[in-house]
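Spelled out, the chains give:
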Amino acid sequence: MFSKILIANRGEIAVRIIKTCRRLGIGTVAVYSEADARSLAVEMADEAVLLGPAPAARSYLLADRIVDAVRQTGAEAVHPGFGFLSENAGFARRLRDEKIAFIGPNPVAIDSMGDKITSKKFAAEAGVSTVPGHMGLIETPEQAVEIARGIGYPVMIKASAGGGGKGIRVAHSDADMAEGFAAVKAEALNAFGDDRVFLERFIVNPRHIEIQVLGDRHGNIVHLFERECSIQRRNQKVIEEAPSPLLDPETRAAMGAQAVALARAVSYDSAGTVEFVAGQDKSFYFLEMNTRLQVEHPVTELITGVDLVEQMIRSAAGQPLPFTQDQLAINGWAIESRIYAEDPYRGFLPSIGRLVRYEQPEEGPQSGTDGDYVVRSDSGVREGDEISMFYDPMIAKLCAWGETRDAAIDGMARALEDTHVAGLGHNVPFLSAVMDQPRFRSGALSTSYIPDEFPDGFHGLPPSPRQRDQMIAAAMAMHEVLAEQAGDPSNRTDWTVMIDRDAVGVSLGYDSDEAMVLEVEDRDTPLRLEVIDWRPGLAQFRAVLDDLPFTAEVKRVADGFEIRSRAARARVRVLSPAIAELYGRLPGKAAADTSKLIQSPMPGLVVSIPVQPGQEVKSGEPVAIIEAMKMQNILRAERDGVVKTVRVRDGDSVAADDVLVEFA
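Residues numbered from 1 in each chain as written. Predicted model: local features only at pLDDT ≥ 70, side-chain atom pairs only at ≥ 80, totals over all residues. Heavy atoms only, no water.

Draft legend 1. Inspection of the packing of aromatic side chains at higher detail. Under the criterion given, the structure shown has eleven aromatic pairs. Relative to phenylalanine 458, the ring of phenylalanine 454 lies with its centre 5.5 Å away and its plane at 75 degrees, an arrangement referred to as edge-to-face. Of the residues examined, phenylalanine 454 reaches a relative accessible area of 9% and is grouped as buried. Among the residues examined, phenylalanine 458 registers a relative accessible area of 1% and is labelled buried. Taken together, the ring pairs in this structure connect Tyr345, Phe348, Phe430, Phe454 and Phe458 into an aromatic cluster. (Phe/Tyr/Trp six-rings, centres within 6.5 Å; stacked < 30°, edge-to-face > 60°. Buried < 20%, exposed > 50% of the residue type's maximum accessible area, 1.4 Å probe, protein only.)

Draft legend 2. Just the nonpolar core, in detail. Of all hydrophobic cores here, the largest spans 39 residues; its most connected members are Ile239, Ile335, Ile395, Phe430, Met435 and Phe440. When residues of this core are traced back to their parent elements, those giving at least two are strand S12 (236-242), strand S15 (333-340), strand S21 (373-379), strand S23 (394-402), helix H12 (405-417), helix H13 (428-436) and helix H15 (449-453). Those residues in contact with isoleucine 335, other than ones at most four positions away along the chain, are Ile239, Glu240, Glu241, Val299, Leu398, Cys399, Ala400, Ala408, Ile409, Met412, Met435 and Phe440. Ile7, Leu214, Leu224 and Phe323 belong to the second largest nonpolar core, which has 37 residues in total. (Core = buried A, V, L, I, M, F, W, Y, C linked by side-chain atoms within 4.5 Å. Helix = DSSP H or I, 4+ residues; strand = E, 2+ residues; numbered from the N terminus. Contact = heavy atoms within 4.5 Å.)

Draft legend 3. Main features of helix H3 (residues 63-73). Buried within H3 are the following residues: Ile66, Val67, Ala69, Val70 and Thr73. Axial view of H3: buried residues confined to an arc of 155 degrees, hence all on one face. Opposite the packed face of H3, turned more than 90 degrees from it, sit the exposed residues Arg71 and Gln72. Against strand S1 (4-7), strand S2 (27-33), strand S3 (47-52), strand S4 (77-79) and helix H4 (89-97) lie the buried residues of H3. (Arc of directions from axis to C-beta.)

Draft legend 4. Examining the sheet that holds strand S13 (residues 271-278) more closely. Pairing is antiparallel in the open sheet, where nine strands are placed in the order S14-S13-S10-S11-S12-S15-S23-S21-S20. The open sheet terminates on both sides in strands that have one partner only, identified here as strand S14 (284-290) and strand S20 (364-366). Taken pair by pair, the neighbouring strands of this sheet meet at an average axis angle of 30 degrees, ignoring direction. Relative to S21, S20 runs antiparallel, the two being bridged by three bridges. Looking at the pairing, glutamine 366 lines up with tyrosine 373 of S21. In the packing of helix H10 (residues 297-304) onto the sheet, contacts are made with strand S10 (207-215), strand S11 (221-233), S12, S15, S21 and S23, and the angle to S15 comes to roughly 155 degrees. (Pairing = 2+ DSSP bridges. Axes fitted to C-alpha atoms, helices over the stretch in contact; angles between N-to-C directions.)

Take a look at the structure:
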């Protein structure tokens with residue numbers, strides 16, 4: 001076994017690897033860029049070595065710097081995590097030549113399966129079912145259009161060296177293909193240093209299901225069942241679960257057998273994932289193989305009890321797998337939610353900045369209404385850290401395990417309630433919305449879930465009856481606490497609570513156990529609030545309402561509170577009936593007119609402004625391209641018009657809401 005391992009990565013995966021190494025008694029070396037000098041991974045590691053400036057191309061992607069760090073620290077092995085150099089066969093060979101162990105598959109397997117074009121050909125030759133497409137290199141947009149016509153639209157454009165949802169577009173027409181081909185090539189070159197692109201048929205209403213495989217250097221290969229990763233946006237996974245609610249035992253066994261056969265054909269000897277696109281009829285086609293640890297590996301660990309990082313380390317050290325296929329079984333259900341620094345209310349665009357506040361739910365066993373559950377949080381940041389524009393905007397991977405899928409979903413919903421992020425946009429309200437949706441709970445998933453369920457974007461959800469009750473109870477309790485603190489408690493028992501512009505009468509009292517009892521005018525039974533955990537300054541209100549615990553995010557404002565309960569948020573005021581009547585007469589505030597402005601939806605870099613003053617622009621035409629988090633975002637005109645002014649230039653850095661183009 002190794003005595004010291006260098007982790008050639010950053011963020012939550014570096015922290016995750018350090019935790020396993022600590023348990024195994026292995027020393028760790030973190031490498032870092034200037035942007036990550038004060039990161040949690042650097043703090044946790046036994047040693048740390050600076051690689052270079054913030055851009056990955058000048059730090060985490062420099063093999064020479066990593067090899068130098070290995071020599072400097074005396075590490076015996078390198079764990080690449082995921083992304084960066086994790087699927088770079090040249091890097092694996094370089095380490096082998098330097099007599100440094102690579103904690104990943106052998107270079108031949110990476111070459112055979114890591115490149116998407118080569119892997120498609122290899123899979124077809126091995127008898128694995130594949131999606132119709134064109135695996136050869138494509139040089140020009142015109143050639144791409146011609147090939148796409150032969151395949152038949154819709155067609156997916158994919159970067160050969162892609163990963164993490166980058167370098168992917170779906171084309172529904174010749175125009176889409178020409179534009180998307182250029183964008184994918186540019187993204188691929190920027191993110192991976194490789195602009196090769198291939199095409200494949202886009203399966204309508206598909207599901208994304210992947211099989212986890214694990215091999216050693218003695219020829220033993222097993223699969224650890226499947227993960228369902230169908231909840232995606234921009235081809236980036238958002239919610240994953242294991243097992244899949246689609247598969248039956250026969251389909252699961254067939255997919256597992258194909259994955260193992262494919263891995264065996266290349267003598268696979270580490271953790272890897274064989275990805276399939278599946279139809280709703282349980283048909284499935286090979287998509288690609290990721291020759292590395294997956295971001296979503298925790299859900300597999302939770303249902304199997306296998307530490308995949310540990311098994312990767314043991315395999316690289318020459319140890320055999322400690323189990324056979326028939327010794328593996330699925331235990332319960334696990335769900336993972338990726339918490340990102342992105343604003344779901346603005347089309348899920350990146351929202352970089354500082355984590356002014358960051359509170360995570362308590363990890364470990366918990367009690368829930370539908371059964372006990374377990375919470376796990378994999379995070380690489382702390383309160384006060386900055387989410388940088390140079391890397392993916394992940395804050396944490398929040399996981400919940402339960403004996404049943406319903407228990408896991410309820411556990412996840414409660415864990416999301418107990419997660420508080422402030423200082424930047426985040427997708428916790430959206431994740432909460434999905435957990436509460438009947439369609440998700442039914443297991444009727446597809447990769448089009450988000451556009452299907454939120455066709456006009458995410459704007460939150462209206463409060464459910466239960467959430468409305470929570471808002472009323474929380475507002476009444478906070479109102480009383482503030483009155484007592486101010487030394488001006490009111491003897492009033494009759495109040496009006498306004499949730500946005502809806503008013504409801506509430507009568508306040510207490511029972512013999514000092515629980516708050518609220519009689520609400522449109523409810524047959526009173527609300528009983530107890531175990532209140534809140535004081536002025538706290539951003540979360542915790543209590544038990546009618547014997548069920550809940551957590552709401554709260555903020556004091558001039559005349560009341562802003563309260564968010566999962567995906568529902570509202571301005572809530574506690575008023576005397578007379579004042580409430582006056583509020584009801586106030587006109588609503590008109591929104592500012594920004595119809596003539598093209599504003600940057602996120603902080604980023606201006607790639608190009610393809611319009612100029614005086615130019616006539618048609619609805620749907622590109623007017624600006626902004627790059628953020630390695631992704632190029634095309635901003636389009638929402639209506640016909642004439643450009644009045646262009647306020648930025650190529651290469652400018654812009655903040656969210658900066659005006660880029662103004663129309664006459």
